[in-house]
Amino acid sequence: MNRPDNLRGDPQRPIGVAREDLEQALRETLARQAGTPRPLAVDPAGRAVRRAERLQRRRTLAGVALAAVATVAVSTGMAQLGTGTARYTSPTVVLGDPTGPPATSAVPSVQLDGPVFEGLSLVTGSTLVVDGRGTDLGAVGPVARGLRTGDGWLFIGTPGAAGRTVWLVGSNGTSRVLLAGADAVAADPTGRRLVWREGTELLVATIANGQLLPGLRTTVPASATPVGFVGDDVLVRVRPDRPGFALWRADGSPFRIGADRSVLDVYGRLPDGRLVARVTGASSRQCLALLDPARALAASVTGCSGPPLGDGPGSVSPDGRWLLVNGAADSRSANGTALLVDLGQAFGAKPVVRPVGPGVAGAAAWPAVAEEVVYPAVDGTLVRFDPDRNPVQATAAAVPGLPAGQWPALVTAATL
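Under the annotation held in an unreviewed UniProt entry, the protein chain carries the name WD40 repeat protein and is attributed to Micromonospora sagamiensis.

Novice: Quick question: what am I supposed to make of the sheet that holds strand 25 (residues 373-376) here?
Specialist: Two modes of strand pairing occur in sheets, parallel and antiparallel, and in both the strands are linked by backbone hydrogen bonds. If you trace the 3 strands from one edge of the open sheet to the other, you get 25-26-27, paired in antiparallel fashion. Edge positions in the sheet fall to strand 25 and strand 27 (395-398), since each has one partner strand and no second. The sheet shows a mean angle of 20° between the axes of neighbouring strands, taken without regard to direction. Here strand 25 runs beside strand 26 (residues 381-385); their pairing, made up of 4 bridges, is antiparallel. Residue pairing for strand 26: V374 is matched across the bridge by R384.

Novice: Sorry, what's going on with unusual backbone geometry here?
Specialist: Glycine aside, residues mostly have negative phi angles, and peptide bonds mostly take the trans form. Of note, the amide linkage connecting N390 to P391 takes the cis form, showing an omega dihedral of 5°. Within the secondary structure, P391 is located in the loop between strand 26 and strand 27. The residue N209 is not glycine, and still its phi comes out positive at about 55°. Considering the arrangement of structural elements, one finds N209 in the loop between strand 12 (201-208) and strand 13 (211-219). We classify N209 as exposed; its relative accessible area is 80%. Residue L297 is not a glycine yet carries a positive backbone phi of 65°.

Novice: For this particular structure, what's the right way to read the pairing of strand 20 (residues 298-303)?
Specialist: Consecutive residues of a regular strand have side chains that alternate between opposite faces of the sheet. Across 5 bridges, strand 19 (residues 286-292) lies against strand 20 in antiparallel orientation. Of the residues in strand 20, the one forming a bridge with L288 is G303.

Novice: Help me understand the pattern of salt bridges in this model?
Specialist: Think of it this way: side chains of opposite charge can pair up when their charged atoms draw near. Applying the stated criterion across every chain yields a total of 12 salt bridges. In this structure, the salt-bridge partner of R321 is D388, at a minimum N-O distance of 3.2 Å. Pair noted here: R321 is in the loop between strand 21 (315-316) and strand 22 (322-326) and D388 is in the loop between strand 26 and strand 27, with a separation of 67 residues, a long-range link. A relative accessible area of 39% means that R321 is categorised as partly exposed. Connected through shared salt-bridge partners, R237, D265, R278 and D311 make up one network.

Novice: Honestly, the nonpolar core in this entry has me stumped. Any pointers?
Specialist: By size, the foremost hydrophobic cluster in this structure holds 16 residues, and its most contacted members are L154, V166, V185, L194, W196 and L212. Among the elements of the structure, strand 7 (152-157), strand 8 (164-170), strand 9 (175-182), strand 10 (184-187), strand 11 (193-198) and strand 12 are those that each provide at least two residues to this core. In contact with L194, other than residues within four places in its own chain, are L154, V166, V185, A186, A187, L203, V204, A205, I207, L212 and F229.

Novice: How do you make sense of the environment of L402 when you look at a structure like this?
Specialist: Relative to the helices and strands, L402 is located in the loop between strand 27 and strand 28 (409-413). With a relative accessible area of 18%, L402 lands in the buried category. For L402 and G125, which are 277 residues apart along the polypeptide, the C-alpha to C-alpha distance reads 7.9 Å. Residues within four places of L402 in sequence aside, it is in contact with T124, G380, W407 and P408.

Novice: Would you mind going over the state of the cysteines with me for this structure?
Specialist: In protein structure, a disulfide is the covalent linkage between the sulfur atoms of two cysteines. Tallied over the entire structure, the rule returns 1 disulfide. A sulfur-sulfur distance of 1.9 Å marks the disulfide that ties C287 to C304. Its torsion about the S-S bond being 105°, the disulfide of C287 and C304 is classed as right-handed. Here C287, found in strand 19, pairs with C304, found in the loop between strand 20 and strand 21; they are 17 residues apart in sequence, far enough to count as distant. For C304, a relative accessible area of 30% translates into the label partly exposed.

The rules behind each value
Residues numbered from 1 in each chain as written. Predicted model: local features only at pLDDT ≥ 70, side-chain atom pairs only at ≥ 80, totals over all residues. Heavy atoms only, no water. Pairing = 2+ DSSP bridges. Helix = DSSP H or I, 4+ residues; strand = E, 2+ residues; numbered from the N terminus. Axes fitted to C-alpha atoms, helices over the stretch in contact; angles between N-to-C directions. Buried < 20%, exposed > 50% of the residue type's maximum accessible area, 1.4 Å probe, protein only. Salt bridge = Lys/Arg side-chain N within 4 Å of Asp/Glu carboxyl O. Core = buried A, V, L, I, M, F, W, Y, C linked by side-chain atoms within 4.5 Å. Contact = heavy atoms within 4.5 Å. Disulfide = S-S within 2.5 Å.

In structure tokens, the structure reads:
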């Protein structure tokens, strides 16, 4: 059976194609196929990106975990030991370079000659005067109190708008700021410890190698003022405008206000540990008393037979025999008169009390060996006298260049 092929009578496309045209079409087809990208079975770039993302996530999680552990550790270390109890802390951080330039050599314009200044150390303005010769302390000052330590000086500044500053000056004259911005500061007699109030907290730190080591802190009233150390304890005046003192046992115990409201002033400490104070006695009479720190400052002995005492600082001699204190102001002396009280006979029927000179304005310098004592008076002079002489023969001298209403800060030797 002769059946025709599938070919139609009229072909849809020409079959007479030249060789050149066929080669050109083949080239175009192959070129289009080569230009079309094919998906790869493995994507190296994508794999690298995904691997980097996984590493970054792992590192982030590890960093967060370490930060959480560090936060817990620090929080645990700084946590309070108990409700209302004292806790360990670091002292105030001082911003800036704490070390100042060395002090210059002798200042020719400051030469204090005369018997009053013989063997005496004091600070006036920013000048340290030792035995009548001055040395510029640079940025140190003004100073309220100074202690001569074994390797230099410890200076406590006067109160200012930014609080008080404490400097440590070496024997070579270099100065270092130990503490800045404190509301009230006191040092122990050895010059090795500081106590200060910062807001509503009382802090204690030890001085070692020119630095403050971490100590204890406790919450106190905002008006509390540290007065000084009584052994390992801290004597605190609860309010500056009212009677009342308290002891903070700086052993981790909380501060308790339970203070005797009859105590007006505390002047110093006897060798047996008792404190010499001014208290309110019967009929509101002001009397001398010896307070026992072991019995919450209870008065062990009281003497009201002497002349009335006035406001202001007082000072007890290192051997506990003498008290230098202000008498009550009267019409003859608006600023009061300095009185020398023999503490060995102050609590009997006939106390021995002698007038010395103008009222006391600051802490006195009681030499450990010398026979004479020096104190800054309210009139700006320095008064020197021998307590064993009766009647007292005092010598006064003004400090040249001292502004009116100010007095120099005496530098006493730290006790070991």
